[in-house]
Amino acid sequence: MRQLCKGNVAIVKGAILAGCKAYYGYPITPASEIAEAAALYFPQVGGTFLQAESEIAAINMVYGAAATGQRVMSASSGPGLSLMQEGISYCAGSELPCVIVDIVRGGPGLGNIAPEQSDYFAMVKGGGHGCYRNFVLAPASVQEMADLTVLAFELADTYRNPAIILADGFIGQMMEPLELDYREAKLPEKPWAVQGTHETRKNVISSIFLEPDDLEAHIRKLEAKYIRASRLEARHETFETNDAEVLLVGYGITSRVLRSAVEMARREGLKAGLFRPITLWPFPKEALRKAASKVSKVLVVELSNGQMVEDVRLSLEGKVPVEFYGRTGGNVPSVEEIHSQLMQRVMSLV
Amino acid sequence: MSTDTKLDAQASEILAAGYEVTHSKSPLFYDHYERKADLQQQTHYCPGCGHGIAHKLIAEALEELGLQDKTIFVSPVGCSVFAYYYFDTGNVQMAHGRAPAGATAIKRACPGKIVISYQGDGDLAAIGTAEIIHAANRGENITVFFVNNAIYGMTGGQMAPTTLVGQRSTTSPFGRRPINEGFPMHVCELIASLEAPAYIERVALSDNKNIMKARKAIRKALELQRDGVGFSFVEILSPCPTIWGKDPVEARKWIAEKMIPQFPLNVFRDHKHDPVVNNPVPHHTIPETLEIQTTDQGPRPELPKHQHHFQQFEIKVAGFGGQGVLLLGQLLTEMGMREGLEVSWLPSYGPEMRSGSAHCHVCLSKNRIGTPLISHPDVLVAMNEISLRKFAPQVASGGLILYNASRLPEDFELPQARVICIPASEIADKLGSTKSTNIVMMGALLEETECLLTATAEGVLETKVKKVELKEINRKALAAGHDFIDHYVRVGAVTQPDGFAY
């Protein structure tokens, strides 16, 4: 049965359904409802909620809990994620599975609390130090806030790697119907975890490899994992791409506006289509290439001055002209605005 | 790894030959210890370093207390980053300064286990100040061993927060100058100002007598954790001969002569915290907590059938924060969902919600909703004049504006939409609560547009409004909004801005 739910709250509901047992976090707008919902729900179902003294402490608590094999999460927004980057790098280096949510707000610096998609580089390209990758999932609806959180926990455990939910202030704040199905979470065995038992006494969780050859071997091992994930875990959604002449590309809230723009364009006889990456890492390169194979132009729209567009261009290897339209500062383009951008750019083709 | 059975055999032979063996290798030692690549038979610490002694004291205590299997040792960044070479326990290596944060979560995940955070002075008292203070303040049931040697060892002799006044380091080449670097940090004293910690003691590895005291303190700290008493903290003044440029004997002397006067040895806290009252936490199943209704909860109430006259219907609600603007939007969204539609609700959010204006976008649709952001609403519910002026020009041509007032502002230019003025605040006041203004507007909206059923509204109000006295007023408010359209607008009893009447 459907319940009306806020995006931020849906994340916590999804996490609990995924068997997450602990939440460590620090409040920040527009992600605070996640901490509030976690504070309300986790203790009631026997889990742990702790408001940390900072995002730095929070991510290191996540590291500690993950080291014991617990499913654990944290959430914040841009500035908090900047503080967490060292800890996320440690989690990746020590191969600790965890889920971290970024409800992106306007930056840089204090910026504002309105929605942006300007943390793409920070989350998708690493952000912290060293050769590592995060899984990055980009929900576009309240239902996906819950569903992709469940998926994030599964990917994190399967690959022993951090997984990020990259959403924006709008998806976090909006309410939509949410359908949840309860079944007991199946948690994988984690023989590597440190649990204070005779069996796990031998285990060490660490990311230090002083010898260059040792560290290189570790990095190669991580890289092999990332290559495997790139082949298997890319996810995307298309809308009206079969006969599309122009392809719009966007994720998260932007993809919702683009979907409406495709409908508007088609009402006026322009064959537009939408490609929405669901995983930003791994980026759905192959699927994008396929969707763009017959179009004459690609228009990437982001709430940034152009971040994901680089991955689109890398994927399409110059075979199709890729143009960009971005809004920042918390401005979300209207359907009419995208439509007019689309028409201008299509007219320039003639 | 394998235990040294050869040595045991040798020992038995000696015993059989009639010799008394007073010392033998601990059975815990291995021929080859995988965690340690090189240096199998020696430590990586410098000669005379205090870490070796501290490690030994902790390891002995763990063994004597039978806690080895239960222990999770959290090592820091610093010389003791490789503590897992020497402690055959579960081990988690943490980022610089963050061991108490990690230990907090480890202990909460494994409450019955022994969690040790072992940290140096740079790690604990500089970069990790926040983490140690807050772990102590929460009274985490962990044990922290704080090895204070007044210098950064691993990075090669930079100034620590505990470096003595006048003490030279590579980053205080003229000696620590309080005018530039402040005074040495007294961590035990700092932590002793907090309520929660159970045990705080400072010891020194300066001579055998003090080492024996350190041994006792370490053992006690672990016992207290084992017994669940609370946060235990032992600061260990420790020699660093290499960086201090002294031989091991001089280094010990320096602790006694220079460090102890600055960092007096003392038991700063040794009592269990008085019991406090914690509010109870209710316990529920996951489906209950997450409001997931399972099928075995009986038949669902029969929903009224409604043939919606639209493919998509968009409503913007705007007004002052506190006028129930966001709630009205949520109620309409909930109603749409109950009538089987796709719905979305998007608020304006942020600090302006409390004092200034607030608005929200409501989409009701028969199909999957694209953008939840409404550019041209079919209906604007304007709860105040600012909202009317701001959003009226956006309303779709042929759309509707419901305005909470008995008349339009005089200089207001009529847009391409119909406007109905409803003195909803006055009506709600008369019913007993201004809070129901939004519900009067809802009644009018439903009656005028028939986008959703009044019966659905009644059902939603019944379940979503918790206060009993407000429920009754809301029922009346809904009817009053409804009646206002019927009686006053349709029969023209109240002149509306565009003179429109049925």
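Higher on the page you've got the structure.
First, a word on what this report is: a plain description of the structure on this page. Since this is a predicted model, take the numbers as computed values, not measurements. (Residues numbered from 1 in each chain as written. Chains lettered and ligands numbered in written order. Predicted model: local features only at pLDDT ≥ 70, side-chain atom pairs only at ≥ 80, totals over all residues. Heavy atoms only, no water.)

With that out of the way, let us pick up the overall build of chain B. Counting secondary structure elements, chain B contains 18 helices and 13 strands. Residue burial in chain B is summarised as follows: out of 502 residues, 51% are buried. Expressed as a percentage of contacts within chain B between residues at least 6 apart in sequence, the contacts between residues at least 24 apart total 65%. A total accessible area of about 23100 Å² is found for chain B, and carbon and sulfur atoms account for 54% of it. (Helix = DSSP H or I, 4+ residues; strand = E, 2+ residues; numbered from the N terminus. Buried < 20%, exposed > 50% of the residue type's maximum accessible area, 1.4 Å probe, protein only. Contact = heavy atoms within 4.5 Å. Areas by Shrake-Rupley, 256 points an atom, 1.4 Å probe, with all protein chains shown as cover.)

The helix and strand tally for chain A stands at 12 helices and 16 strands. Taking 350 residues into account, the globule formula puts the C-alpha radius of gyration at 20 Å, and chain A, at 20 Å, falls close to it. Principal-axis analysis of the C-alpha atoms places the extent of chain A at approximately 70 × 50 × 40 Å. Split into buried and exposed, the 350 residues of chain A put 65% on the buried side. Across chain A, the fraction of contacts at a sequence separation of at least 24, relative to all contacts at a separation of at least 6, is 78%. When the accessible surface of chain A is summed, it comes to about 12600 Å², and 51% of that surface belongs to carbon and sulfur atoms. Seen as two clouds, the 35 positive and the 40 negative side-chain charges of chain A have centres 4 Å apart. (Rg over C-alpha atoms; globule rule 2.2 N^0.38 Å. Lys, Arg positive; Asp, Glu negative; His and termini not counted. Charge placed at Lys NZ, Arg CZ, Asp CG, Glu CD.)

Here we take up the interface of chain B and chain A. Contact with chain B, which involves 71 residues of that partner, is made by 69 residues of chain A. A salt bridge links glutamate 53 of chain A to arginine 138 of chain B; the nearest nitrogen and oxygen atoms lie 3.0 Å apart. Remark: the boundary between chain B and chain A carries 27 residue pairs in polar contact (both at pLDDT 80 or more). Take the side of chain B that touches chain A: its biggest share by element is seven residues, from helix α3 (residues 99–109) of chain B. Two elements, strand β10 (residues 204–205) of chain A and strand β2 (residues 90–93) of chain B, share two bridges in a ladder whose sense is parallel. When the sheet's bridge partners are listed, isoleucine 205 of chain A is paired in β2 of chain B with valine 92 of chain B. (Salt bridge = Lys/Arg side-chain N within 4 Å of Asp/Glu carboxyl O. Polar contact = N/O pair within 3.5 Å; in protein donor to acceptor, adjacent residues only side chain to side chain. Pairing = 2+ DSSP bridges.)

We now examine the packing of aromatic side chains. All names here are of chain A. The final tally for this structure, using the stated rule, is 19 aromatic pairs over all chains. Taken together, a centroid distance of 5.9 Å and an interplanar angle of 45° make the contact between tyrosine 120 and tyrosine 251 tilted. On the criterion of sequence distance, the pair formed by tyrosine 120 in helix α5 (residues 120–124) and tyrosine 251 in the loop between β12 (246–249) and α9 (252–267) is long-range, its members being 131 residues apart. Taking relative accessible area as the criterion, tyrosine 120 reaches 0% and is therefore assigned buried. Residue class for tyrosine 251 comes out buried when judged on its relative accessible area of 2%. Between phenylalanine 135 and tyrosine 159, the aromatic rings sit 5.2 Å apart at their centres with planes inclined by 55°, giving tilted as the arrangement. (Phe/Tyr/Trp six-rings, centres within 6.5 Å; stacked < 30°, edge-to-face > 60°.)

Right, let's get into unusual backbone geometry. All names here are of chain A. Between threonine 29 and the following residue, proline 30, the backbone shows a cis peptide bond with an omega angle of 5°. Tracing the backbone through its elements, the reader meets proline 30 in the loop between β2 (22–25) and α2 (32–41). Glycine 107 connects to proline 108 through a cis peptide bond whose omega is 0°. Along the chain, the position of proline 108 falls in the loop between β5 (98–106) and β6 (112–115). One non-glycine residue, arginine 160, lies in the positive phi region at around 45°.

Once that is clear, we can look at a negative patch on the surface. Negative charge collects at one region of the surface, where Glu211, Asp213 and Asp214 of chain A together with Asp38 of chain B lie side by side. Judged by relative accessible area, aspartate 213 of chain A falls into the exposed class, the value being 60%. (Patch = residues over 30% accessible without salt bridge, like charges linked within 9 Å, V, L, I, M, F, W, Y side chains within 5 Å.)

Here we take up the sheet that holds strand β5 (residues 199–204) of chain B. Strand pairing in a sheet is mediated by backbone hydrogen bonds. Such pairs are either parallel or antiparallel. The eight strands are arranged β10(A)-β2(B)-β1(B)-β3(B)-β4(B)-β6(B)-β5(B)-β7(B) in an open sheet whose pairing can be described as mixed. The open sheet has two edge strands with one neighbour each: β10 of chain A together with β7 (266–270) of chain B. Relative to strand β4 (residues 143–148) of chain B, strand β3 (residues 114–120) of chain B runs parallel, the two being bridged by five bridges. By the bridge assignment, glycine 120 of chain B is partnered in β4 of chain B with valine 147 of chain B. Relative to the sheet, α3 of chain B contacts β1 (71–75), β2 and β3 of chain B, its axis offset from that of β3 of chain B by approximately 175°. (Axes fitted to C-alpha atoms, helices over the stretch in contact; angles between N-to-C directions.)

Attention now goes to the side chain of serine 117 of chain B. Residue and element names in this part refer to chain B. With respect to the helices and strands, serine 117 occurs in strand β3. A relative accessible area of 0% means that serine 117 is categorised as buried. A polar contact is formed between the side chain of serine 117 and the side chain of glutamine 119, at a distance of 3.1 Å. Apart from residues no more than four positions distant in its own chain, serine 117 is found in contact with Val74, Ala99, Pro100, Ala103, Thr143, Val144 and Phe145.

Glancing now at the pairing of strand β3 (residues 48–51) of chain A. All names here are of chain A. In terms of strand pairing, β2 meets β3 through four bridges, oriented parallel. By the bridge assignment for β3, alanine 22 is matched with threonine 48. At this point the chain moves from β2, through α2, to the parallel β3, and the crossover so formed is right-handed. (Right-handed = clockwise from strand over helix to strand, strands pointing away.)

Within the secondary structure layout, valine 262 of chain A lies in helix α9. A C-alpha to C-alpha distance of 9.9 Å links valine 262 of chain A and threonine 241 of chain A, two positions 21 residues apart in sequence.

Counting 160 residues, the largest nonpolar core has Val298 and Val312 of chain A together with Phe233 of chain B as its most contacted members. The leading source of residues in this core is helix α6 (residues 142–159) of chain A, at 10 residues. Counting residues in each nonpolar core, the second largest holds 49 residues, with Val440, Met442, Cys451 and Leu452 of chain B among its members. (Core = buried A, V, L, I, M, F, W, Y, C linked by side-chain atoms within 4.5 Å.)

This brings us to the sheet that holds strand β16 (residues 322–326) of chain A. Residue and element names in this part refer to chain A. Taken in spatial order, the five strands make up an open sheet running β11-β13-β12-β15-β16, and their pairing is mixed. Here the strands that pair on one side only, and so sit at the sheet edges, are β11 (236–239) and β16. Each strand of the sheet is rotated relative to its neighbour by a mean of 20°, with strand direction disregarded. Sheet topology places β12 next to strand β15 (residues 297–302); four bridges connect them, and they run parallel. Among the inter-strand pairings, leucine 248 is bridged to a residue of β15, identified as leucine 299.

This part is about the packing of helix α12 (residues 325–338) of chain B against helix α16 (residues 437–449) of chain B. Residue and element names in this part refer to chain B. Contact pair α12 / α16: the axes reach a minimum separation of 10 Å and the direction vectors enclose 40°. Put simply, α12 runs oblique to α16. Of the two possible hands of crossing, α12 and α16 adopt the one that is right-handed. Between α12, through Leu327, Leu328, Leu331, Leu332 and Met335, and α16, the contact on the second element is made entirely by Asn438, Ile439, Met441, Met442, Leu445 and Leu446. Here the contact of α12 with α16 is composed, by residue class, of 10 nonpolar, one polar and no charged. (Parallel < 35°, antiparallel > 145°, perpendicular 65-115°, else oblique. Left-handed = near helix turned anticlockwise from the far one by under 90°. Nonpolar A, V, L, I, M, F, W, Y, C, P; charged D, E, K, R; others polar.)

Residues and elements named next belong to chain A. Here serine 94 shows up in the loop between α4 (78–93) and β5. Note on serine 94: relative accessible area 5%, which makes it buried. Setting aside anything within four residues of it in sequence, one finds serine 94 in contact with Tyr63, Arg160, Ile205, Ser206 and Ser207.

Turning next to the pattern of salt bridges. Residue and element names in this part refer to chain B. In this structure the tally under the stated criterion is 44 salt bridges over all chains. In this structure, the salt-bridge partner of arginine 202 is glutamate 189, at a minimum N-O distance of 2.7 Å. Within this pair, whereas arginine 202 is found in strand β5, its partner glutamate 189 is found in helix α7 (residues 187–191), the two being separated by 13 residues in sequence. In the salt-bridge network here, residues are joined through shared partners; they are Lys56, Glu60, Glu64, Arg215, Arg219 and Glu223.

In this section: the packing of helix α1 (residues 7–17) of chain A against α2 of chain A. Residue and element names in this part refer to chain A. Put simply, α1 and α2 touch, their axes get as near as 8 Å, and they point 40° apart. In this view, α1 runs oblique relative to α2, as classed from their interaxial angle. In the crossing of α1 with α2, the sense of the turn from one axis to the other is right-handed. Here Asn8, Val9, Ile11, Val12, Lys13 and Ile16 of α1 lie close against α2, whose contacting residues are Glu33, Ile34, Ala37, Ala38 and Tyr41. Each residue belonging to the contact of α1 with α2 can be placed in one class, and the counts come to eight nonpolar, one polar and two charged.

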